[in-house]
Amino acid sequence: MDSKTYRKLRKLVTNPRLYFEDARLKRQYPGLEKYNTTLKEAKTLFKQGEIEATEKCLATIPDTLPSKARFSSTVALYSKRYADAERYALSAMQGGRHDTSTFREAFYLHQEALRFQGRFEAALIMLRGMPFEDNAARYFRAWRLAALGAKCPEAYESAMVRFTPGDPGWLRSRNHYILLLRDLQLGERAIAEAQLLMQQVEQQPVGQPKTPPTRSDEQKRRWQEKAGLALAQLKEDLAQHDIDFFLVSGTLLGCVREGTILGHDTDIDVGVMPEVNMKSLRSAIKNSRRFKLQEIISENTLYVVHPNGVKIDLFRHYIENEKLYHGGIKCRWWNTPFELETTQFLGSEYRAPKNYDIYLTENYGDWRTPVVEFETFLDTPNMEVTHSVNMSLFYSSQWVAAHRHGNISRKARYETACKTIDLQY
């Protein structure tokens, strides 16, 4: 038996619905294998940030092919063509069965397209009539963001009332509800829900300790390669608007200490000086086809994502009390004002604080010694809490996670942190 026949038989046994769906598509599209190969090439180009080349590849595939329509929706979201993204996603859903991954992914892309157009009521209508069950994080996130945009927590509550402790998705439903209340500025209700959740979780057995996931050397290499590409293309796109950023936080630490992006990091941190206002920064990102804004609201920070999945935090710095600050929705970090210099990093030139030793010492203390379990929102010396409710809610979520994962020492640290800002459990 050749490998192709074996794969077909395995698919028939393990996922018969997918097998027959593929068979139906092959009858409908005689050139399906060629189209799938071209689509794979387009996805590779997309992850490399080559948007025009991606669209040229897609132009050779029939628009009615559901997998093409679904991917075209993703490309349109990055290009800020939200009406097109909605249309492509709807086309992908119309051409596929409800129980396929293509349909589900298209459904959530459709949700995103509606939200970016400000059509939150339409998003809620689609969610109420969704024809499949889902307990994944994206399900609760879609409900939360649609209810947030519509300023209607009752919509979320009506959908989540079916979840009780022990149900799959119960904890996710509660966590997203707390975030919804937070973002609607219903702080007292959010705190009350967080306290109740902690009490309920405390009644459950502590989870079994698990070995923290670590990246292999090959995984680190791939991450560093993707992160380097995203950083370089952000530099290109912002330069078109005369915006120059500089390396900060963990990205600067990796540059100085390791000579590369930290292998265990999960995002990239860059900053802009006070003379760059948020309006111009947001406009530059909206004109970029390689970066999509994440749906996070913050006064002086933009959160963006590259087509390869790398997330970048863009911090606008500002002067206050003769210090330079940057921060997000719950805290900020101060630094002694600094000048910038050009440094070689990842084969290119980037701007960075000239006296990096002072900067990194203020941020990390002994920055030359790697710390395996460094907690950004507990261990950073120069952090100031700016929103006690938001910080309380974050600490409570970390306490819950530590309890469920059996990490007793981490749980104790966040329990202490909760008490320091009056969130009791």
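Structure: above.
Residues numbered from 1 in each chain as written. Predicted model: local features only at pLDDT ≥ 70, side-chain atom pairs only at ≥ 80, totals over all residues. Heavy atoms only, no water.

Trainee: Can you walk me through the pattern of salt bridges in this structure?
Mentor: Taken as a whole and judged by the stated rule, the model has 30 salt bridges. As a salt-bridge pair, K68 and D63 come within 2.6 Å of each other at their nearest N and O atoms. Accessibility expressed as a relative area gives 5% for K68, which makes it buried. With a shortest N-O distance of 2.9 Å, E258 and R257 are connected by a salt bridge. Take E258: its relative accessible area is 42%, and that puts it in the partly exposed class. One network of salt bridges, with partners in common, ties together E55, R81, D84, R87 and R289. (Salt bridge = Lys/Arg side-chain N within 4 Å of Asp/Glu carboxyl O. Buried < 20%, exposed > 50% of the residue type's maximum accessible area, 1.4 Å probe, protein only.)

Trainee: I'm lost on the environment of K47 in this one. Help?
Mentor: Structurally, K47 is set in helix α3 (residues 32-47). When residues no more than four places from it in sequence are discounted, the contact partners of K47 are L229, H306, P307 and N308. (Helix = DSSP H or I, 4+ residues; strand = E, 2+ residues; numbered from the N terminus. Contact = heavy atoms within 4.5 Å.)

Trainee: Looking at this structure, I do not really get the packing of helix α5 (residues 66-78) against helix α7 (residues 101-116). What am I missing?
Mentor: Helix packing geometry: the angle between the two helix axes and the distance between the axes. For the pair α5 and α7, the least separation of the axes is 10 Å and the interaxial angle reads 30°. In this view, α5 runs roughly parallel relative to α7, as classed from their interaxial angle. Crossing handedness for the pair α5 and α7: left-handed. Only S101, T102, E105, A106, L109, E112, A113 and F116 of α7 make contact with α5, whose side of the interface consists of P66, S67, R70, S73, T74 and L77. Per-class residue counts for the contact of α5 with α7 are six nonpolar, five polar and three charged. (Axes fitted to C-alpha atoms, helices over the stretch in contact; angles between N-to-C directions. Parallel < 35°, antiparallel > 145°, perpendicular 65-115°, else oblique. Left-handed = near helix turned anticlockwise from the far one by under 90°. Nonpolar A, V, L, I, M, F, W, Y, C, P; charged D, E, K, R; others polar.)

Trainee: Mind showing me how you'd approach the pairing of strand β10 (residues 348-353) here?
Mentor: Working note: regular strand, side chains alternate between the two faces of the sheet. One ladder, built from six bridges, connects strand β9 (residues 340-345) with β10; its direction is antiparallel. From the neighbouring strand, T342 faces β10, where its bridge partner is R351. (Pairing = 2+ DSSP bridges.)

Trainee: In this structure, what is going on with the packing of α3 against helix α4 (residues 51-58)? I would like to understand it.
Mentor: Between α3 and α4, the least distance of the axes is 8 Å, while the angle of their chain directions is 170°. Classified by the angle their axes make, α3 and α4 are roughly antiparallel. Mapping the contact onto sequence places T38, L39, E41, A42, L45 and F46 in α3 and I51, A53, T54, C57 and L58 in α4. When its residues are assigned to classes, the contact of α3 with α4 shows eight nonpolar, two polar and one charged.

Trainee: Could you clarify how one ought to interpret the packing of aromatic side chains in this entry?
Mentor: Describing an aromatic ring pair means giving the distance of the ring centres and the angle of the ring planes. Scanning all chains against the criterion turns up 23 aromatic pairs. Ring geometry for F246 and F338: centres 5.6 Å apart, planes at 75°, overall edge-to-face. On the criterion of sequence distance, the pair formed by F246 in strand β1 (residues 246-247) and F338 in the loop between β8 (331-335) and β9 is long-range, its members being 92 residues apart. A residue is classified by how much of its surface remains accessible, and F246, at 0% relative accessible area, is buried. Aromatic ring contacts, followed pair by pair, group F315, W333, F377, F394, Y395 and Y414 into a single cluster. The ring of Y350 carries the charged tip of K235 above its face, separated from the ring centre by 4.9 Å. Between the NZ or CZ atom of R332 and the centre of the ring of Y325, over which it lies, the distance is 3.7 Å. (Phe/Tyr/Trp six-rings, centres within 6.5 Å; stacked < 30°, edge-to-face > 60°. Lys NZ or Arg CZ within 6 Å of the ring centre and 35° of its normal.)

Trainee: Quick question: what am I supposed to make of helix α18 (residues 388-404) here?
Mentor: Because the α-helix completes a turn every 3.6 residues, residues three or four places apart line up on one side. An ideal rise of 1.5 Å per residue puts 24 Å on 17 residues; α18 measures up with 24 Å between its terminal C-alpha atoms. The buried count for α18 comes to 12 of 17 residues, which makes it a mostly enclosed element. Those residues of α18 that fall on the buried side of the exposure criterion are N390, M391, S392, L393, F394, Y395, S396, Q398, W399, V400, A402 and H403. Check the buried side of α18 and you find it contacts α11 (170-183), α12 (187-202), β8, α17 (376-379), β11 (383-385) and α19 (408-420). Note on α18: the residue one or two positions beyond its end, G406, has a positive phi of about 70°. (Expected span 1.5 Å × (residues − 1).)

Trainee: Honestly, helix α9 (residues 137-149) in this entry has me stumped. Any pointers?
Mentor: With 13 residues, α9 ought to run about 18 Å at 1.5 Å a step, and its terminal C-alpha atoms sit 18 Å apart, in line with that. Within α9, the full set of buried residues consists of Y139, F140, A142, W143, R144, L145, A146, A147 and L148. In this structure, the buried residues of α9 make contact with α7, α8 (120-128), α10 (153-160) and α11. Downstream of α9 by one or two residues, K151 has phi in the positive range, about 55°.

Trainee: Hey, could you run me through the sheet that holds strand β6 (residues 318-320) in this one?
Mentor: Paired through backbone hydrogen bonds, the strands of a sheet run either parallel or antiparallel to each other. The strand order across the open sheet built from four strands is β6-β7-β8-β11, with neighbouring strands paired in antiparallel fashion. On the outer flanks of this sheet lie β6 and β11, each paired with one strand and no other. Each adjacent strand pair in this sheet contributes to an overall mean axis angle of 40°, direction not counted. The sheet contact formed by strand β7 (residues 323-327) and β8 spans four bridges and is antiparallel. Across the sheet, residue Y325 finds its bridge partner in β8, namely W334.

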